[in-house]
Amino acid sequence: MTRDAGDGSTVRYGDQEVVRGDGGETHQVAGDGRPPLTTQQGVVVGDDQNALRAGERGPSLLEDQHFREKIFHFDHERIPERVVHARGYGAHGFFENYAPLTDITRAAIFSEAGLRTPAFVRFSTVAGSKGSGDLARDVRGFAVKLYTREGNWDLVGNNIPVFFIQDAIKFPDVIHAAKQEPDRGFPQAQTAHDNFWDFASLMPEATHMLLWIMSDRAIPRSFRFMEGFGVHTFRLVTADGRSTYVKFHWKPKQGLQSVVWNEAVKINGADPDFHRRDLWDAIGRGDFPEWELGLQLFDDDFADRFDFDVLDPTKIIPEELLPVRPVGRLVLDRVVDNFFAETEQVAFCTQNVVPGIDFTNDPLLQGRNFSYLDTQLKRLGSPNFTYLPVNAPKCPFAHFQQDGHMAMANPVGRANYEPNSWEGAEGGPREDPGRGLTSFPEEAGGPKRRLRAESFADHYSQARQFYLSQTDIEQLHIADAFTFELSKCEKVQIRTRIVAALRNVHEELAATVAEGLGLRELPDPAPAARPPRQDLASSPALSIVARGPASFAGRKLGLLITNGADAQIIAALRSAAESEGTVTEIITPVAGGVDASDGSLIPGRQIDGAPSVLFDAIAIVADPDAARALTASPAARDFVADAYAHCKFIAATAGAEPLFAAAGLAGGAVADGGFADLSEQTPADFIARCRQLRFWDRQRVVQDG
Ligand code: HDE
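What you see is a predicted model, and the numbers here were worked out from it, not measured in a lab. (Residues numbered from 1 in each chain as written. Predicted model: local features only at pLDDT ≥ 70, side-chain atom pairs only at ≥ 80, totals over all residues. Heavy atoms only, no water.)

### Notes on the overall build of the protein
At step 1: Helix and strand counts for the protein come out as 19 helices and 22 strands.
At step 2: For 705 residues, the compact-globule estimate of 2.2 N^0.38 gives 27 Å, and the C-alpha radius of gyration of the protein, at 29 Å, lies within 12% of that figure.
At step 3: Dimensions along the principal axes, computed over C-alpha positions, put the protein at roughly 90 × 75 × 55 Å.
At step 4: The 705 residues of the protein split such that 51% are buried.
At step 5: For the protein, restricting intrachain contacts to residue pairs at least 6 apart in sequence, the fraction spanning at least 24 positions comes to 72%.
At step 6: On the protein, roughly 32,800 Å² of surface is accessible, and the fraction owed to carbon and sulfur atoms is 52%.
At step 7: Seen as two clouds, the 72 positive and the 97 negative side-chain charges of the protein have centres 2 Å apart. (Helix = DSSP H or I, 4+ residues; strand = E, 2+ residues; numbered from the N terminus. Rg over C-alpha atoms; globule rule 2.2 N^0.38 Å. Buried < 20%, exposed > 50% of the residue type's maximum accessible area, 1.4 Å probe, protein only. Contact = heavy atoms within 4.5 Å. Areas by Shrake-Rupley, 256 points an atom, 1.4 Å probe, with all protein chains shown as cover. Lys, Arg positive; Asp, Glu negative; His and termini not counted. Charge placed at Lys NZ, Arg CZ, Asp CG, Glu CD.)

### Focus: the packing of aromatic side chains
For any pair of aromatic rings, the description consists of the separation of the ring centres together with the inter-plane angle of the planes.
At step 1: A full pass over the atoms with the stated rule returns 26 aromatic pairs.
At step 2: With 5.9 Å between their ring centres and 25° between their planes, Tyr89 and Phe339 make a pair best called stacked. Here the residue Tyr89 occupies a position in strand β5 (residues 88-97), and Phe339 occupies one in helix α8 (residues 339-344), the gap between them amounting to 250 residues.
At step 3: Seen from their ring centres, Phe660 and Phe675 are 5.7 Å apart, and the 85° between their planes marks the pair as edge-to-face. Of the two residues, Phe660 sits in helix α17 (residues 657-662) while Phe675 sits in strand β22 (residues 675-677), which places them 15 residues apart along the sequence. (Phe/Tyr/Trp six-rings, centres within 6.5 Å; stacked < 30°, edge-to-face > 60°.)

### Brief notes about the coordination of the iron atom of the ligand
At step 1: When only protein atoms are considered, the iron atom of the ligand has one donor, Tyr372 (OH), at a distance of 1.8 Å.
At step 2: Mapped onto the fold, Tyr372 is located in helix α9 (residues 363-380). (Donors = N, O, S within 2.8 Å, 3.2 Å for Na, K, Ca; no water.)

### Thoughts on the environment of Ile478
At step 1: You can see Ile478 is positioned in helix α11 (residues 472-487).
At step 2: For the pair Ile478 and Leu364, spaced 114 residues apart in the sequence, the C-alpha separation amounts to 27 Å.
At step 3: Excluding anything up to four places from it in sequence, Ile478 contacts Leu211, Met214, Ser215, Phe466, Tyr467, Gln470 and Leu509.

### Brief notes about the pairing of strand β7 (residues 140-148)
At step 1: A large share of β7 lies buried, amounting to nine of its nine residues.
At step 2: A two-sided burial pattern is seen for β7, the buried positions comprising Arg140, Phe142, Val144, Leu146 and Thr148 on one face and Gly141, Ala143, Lys145 and Tyr147 on the other.
At step 3: Relative to β7, strand β6 (residues 116-125) is paired through seven bridges, and the arrangement is antiparallel. For Ser124, the partnering residue across the bridge sits in β7 and is Gly141.
At step 4: Sheet topology note: the β7/strand β8 (residues 151-158) ladder contains eight bridges and is antiparallel. (Pairing = 2+ DSSP bridges.)

### Things to note about the packing of helix α3 (residues 194-201) against helix α12 (residues 492-502)
At step 1: Contact pair α3 / α12: the axes reach a minimum separation of 9 Å and the direction vectors enclose 40°. Judged on the interaxial angle alone, α12 and α3 are oblique. α3 and α12 meet at a crossing whose hand is left-handed. Across the interface between the two elements, Asp194, Trp197, Asp198, Ala200 and Ser201 of α3 pack against Ile494, Arg497 and Ile498 of α12.
At step 2: Looking at the contact of α3 with α12, its residues break down into four nonpolar, one polar and three charged. (Axes fitted to C-alpha atoms, helices over the stretch in contact; angles between N-to-C directions. Parallel < 35°, antiparallel > 145°, perpendicular 65-115°, else oblique. Left-handed = near helix turned anticlockwise from the far one by under 90°. Nonpolar A, V, L, I, M, F, W, Y, C, P; charged D, E, K, R; others polar.)

### As for the sheet that holds β22
At step 1: Judged by pairing direction, the sheet is parallel, and its six strands sit side by side in the order β19-β16-β15-β20-β21-β22 without closing on themselves. With partners counted over all chains shown, the strands left at the sheet margins are β19 (605-606) and β22, one partner each.
At step 2: Both strand β15 (residues 556-561) and strand β20 (residues 617-621) contribute to a ladder of five bridges, which runs parallel. Across the sheet, residue Ile561 finds its bridge partner in β20, namely Val621.
At step 3: Those strands touched by helix α16 (residues 634-645) are β15, β16 (583-588), β20 and β21 (650-652), and its axis lies near 140° from that of β20.

### Concerning helix α6 (residues 274-284)
At step 1: Within α6 the residues assigned to the buried category are Phe274, His275, Arg276, Asp278, Leu279, Ala282 and Ile283.
At step 2: Close packing links the buried residues of α6 with β5, β6, β7, α5 (261-270), β13 (325-335) and α8.
At step 3: Phi turns positive, to about 85°, at Gly286, one or two residues after α6.

### Some remarks on the confidence of the model for the protein
At step 1: Averaged over the protein, the pLDDT score is 95; the fraction of residues at 70 or greater is 96%.
At step 2: Across residues 1-21 the pLDDT falls below 50, and counting only partners more than four positions away or on other chains, this stretch makes 39 contacts in the model. (pLDDT = per-residue confidence, 0-100.)

### Digging into the nonpolar core
At step 1: Judged by nonpolar contacts, the single largest core of 52 residues is most densely connected at Phe164, Trp197, Leu210, Leu211, Ile213 and Phe482.
At step 2: Broken down by secondary-structure element, the contributors of at least two residues to this core are α2 (171-178), α3, α4 (207-213), α10 (461-468), α11, α12 and α13 (507-517).
At step 3: Looking at which element gives the most residues to this core, the answer is α12, with six residues.
At step 4: Not counting chain neighbours up to four residues away, the residues in contact with Phe482 comprise Trp197, Leu210, Leu211, Met214, Ile498, Leu502 and Val513. (Core = buried A, V, L, I, M, F, W, Y, C linked by side-chain atoms within 4.5 Å.)

### Focus on the pattern of salt bridges
At step 1: Applying the stated criterion to the full structure yields 42 salt bridges.
At step 2: With a shortest N-O distance of 2.9 Å, Glu227 and Lys251 are connected by a salt bridge. Taken together, the positions of Glu227 in the loop between α4 and β9 (228-229) and Lys251 in strand β11 (residues 243-252) put the pair 24 residues apart, joining distant regions of the chain. As far as burial versus exposure is concerned, Glu227 and Lys251 are alike and both buried.
At step 3: Salt-bridge contacts for Arg329 lead to Glu290; the nearest nitrogen and oxygen are separated by 3.1 Å. Taken as a pair, Arg329 in strand β13 and Glu290 in strand β12 (residues 290-298) lie far apart in primary sequence, 39 residues in all.
At step 4: The class for Glu290 is buried, based on a relative accessible area of 12%.
At step 5: When salt bridges with common partners are traced through the structure, they connect Arg221, Arg224, Asp278, Arg285, Asp287 and Asp616 into a single cluster. (Salt bridge = Lys/Arg side-chain N within 4 Å of Asp/Glu carboxyl O.)

### Re the site of the ligand
At step 1: The immediate surroundings of the ligand are formed by 22 residues, with Arg82, Arg122, Arg368, Tyr372 and Gln376 found nearest.
At step 2: One of the side-chain nitrogen or oxygen atoms of Ser371 is found 3.0 Å away from an oxygen atom of the ligand.
At step 3: Within the side chain of Gln376, one N or O atom sits 2.8 Å away from an oxygen atom of the ligand.
At step 4: Class assignment of the residues belonging to the shell around the ligand gives a composition of eleven nonpolar, eight polar and three charged. (Near = heavy atom within 4 Å. Polar contact = N/O pair within 3.5 Å; in protein donor to acceptor, adjacent residues only side chain to side chain.)

Below you can see the structure in the form of structure tokens.
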């Protein structure tokens, strides 16, 4: 713990001999190296085990200042959780710019090749509360705070490039509908309920986003394997005032990866912190996740020619039409020291832009620019939240804002207003038209009306384009997800209305969902403000499976071993995984580990706490007798059955046969291309095979029997 002592010296608990107070007096550190426990006033506490009482069995006394201070502080530990994106996880890092972009923006962050800008990123789910599970089917927040030399720039994005609504005035409605139903207070962290689908079925503009959230994008394998998007069209502006439209993309160097729904449900049970643990562990082992920042740049001509309005946040610009230009990389290389101080207190605000970056009239962005500042005041309780270390700029700042709750950096000197005639430094800071933030002087005007532009009226064409851009397996997942979520709706009309909307997207999708829901007949297609276009080219960039990673690096192999397991094979698997950059976790029937064939004791995680859903691929090295004994364990049977059902690559020695048989796999093995028999194939071959991440050919077999 570090405290500024106020006298210029820093007090560091843990590695320093002496705790220094304001007055320079010291508290001697006890013999064991620990500093004395004090009250918040710095008074050493003599007894932290018993409250002050009148008599051994008597009443507690009000004068016990240590007790009252401790409980008072504890009572006030909680702050309001975020209304949305309450559950999140953050890390520090930096952005490194590849080359000067001065021809398109004056933003200092893009001014030099190799320039590094400190960054803080918070990933999140949207609907669930702070304690909800990480694997909810949901959009993920991807919020980046960049502490640039010219002030903080917050790029508050999501892992999905479109949004449910076109106008910020509908945000409270979509969020109310998605969160727990107000009368019963459930379901938590899921959209599989009547209110959400009722609203969605009445808002045709949500259809494109519905396709994305019912796709694998909404159940990412971890934060490290997802893309990020700024969503809105922004502007980049040069020093001489030229503007270029821009859409921001974060592309994960690790590649994209998702899990399957049945797996997600089970991960939430086995490890609700799966995503935050994954980020913490990866950074801890030095495997720093990295994203490239990509820009889609365009001008007014392109905007006029494009099929849809570039201000409409329910639309993308396909990468095949407008390539994404990589301009730098974001690396996360440091976990937080304290979750609350950093991840919880970080305050992102879309209106935090820097000279060279500007807004457009996207009506959602305009609304957000009001909302974020407002919400931070409610959440953090004081307009001085900007002084918290995670929120403060890392460049110099000077202004006349003063006082308020928790004021900790009031301006010194006499002048706290402007203009003033005080000389030099005494007069305080002054505006600087040359260096300061100026808005792009876009023409604005027209009648004041509550109106949705006609150019926002196409609600189905890009939803169809997204669906057609998916591989077969991803299309199957989308149909399954719609069927699952709608099957949780009690009202048949709601299910029917969604199927009617889906008929405007794709007839086969609508028919599959209708069949899954047992609808007697297909409803008529929902009336469309604009007839859905059938001619949009498919965009392979929208598929995860079509663009699988070329490596198994950064992922996890779960290696189940038993007593008597072949030590050589275990070693070979571990070393093949290590060369690939794959993390191996050993799983054993009992917590103490196993005695391998060479007599060595190999420790591992006990199987009940390490189900196969926590791993990307599994291998089993087993002695036949030990494997037979393991068949009695439900966790061991599920380990195999789930890995098979989730289309994972599986390797095993012949000794594991009884376990496969007990998991219901005929012949005691997996009879498909996703299986490696370790007596015939080398561990290195198996690890190379795992680069494909899943053996998707199995999915239809699993589903159709
Ligand atoms: Fe947000 N959003 N949002 N949002 N949003 C918040 O701000 C809001 C939208 C996003 O890790 C809140 O600090 C409105 C789109 C992220 O701390 C709040 C509208 C996108 C985060 C808010 C939107 C986002 C938030 C709640 C419709 C993707 C978490 C707590 C106009 C581009 C940031 C807070 C973090 C958080 C308002 C829509 C992303 C209430 C009014 C679109 C990643 O201010």
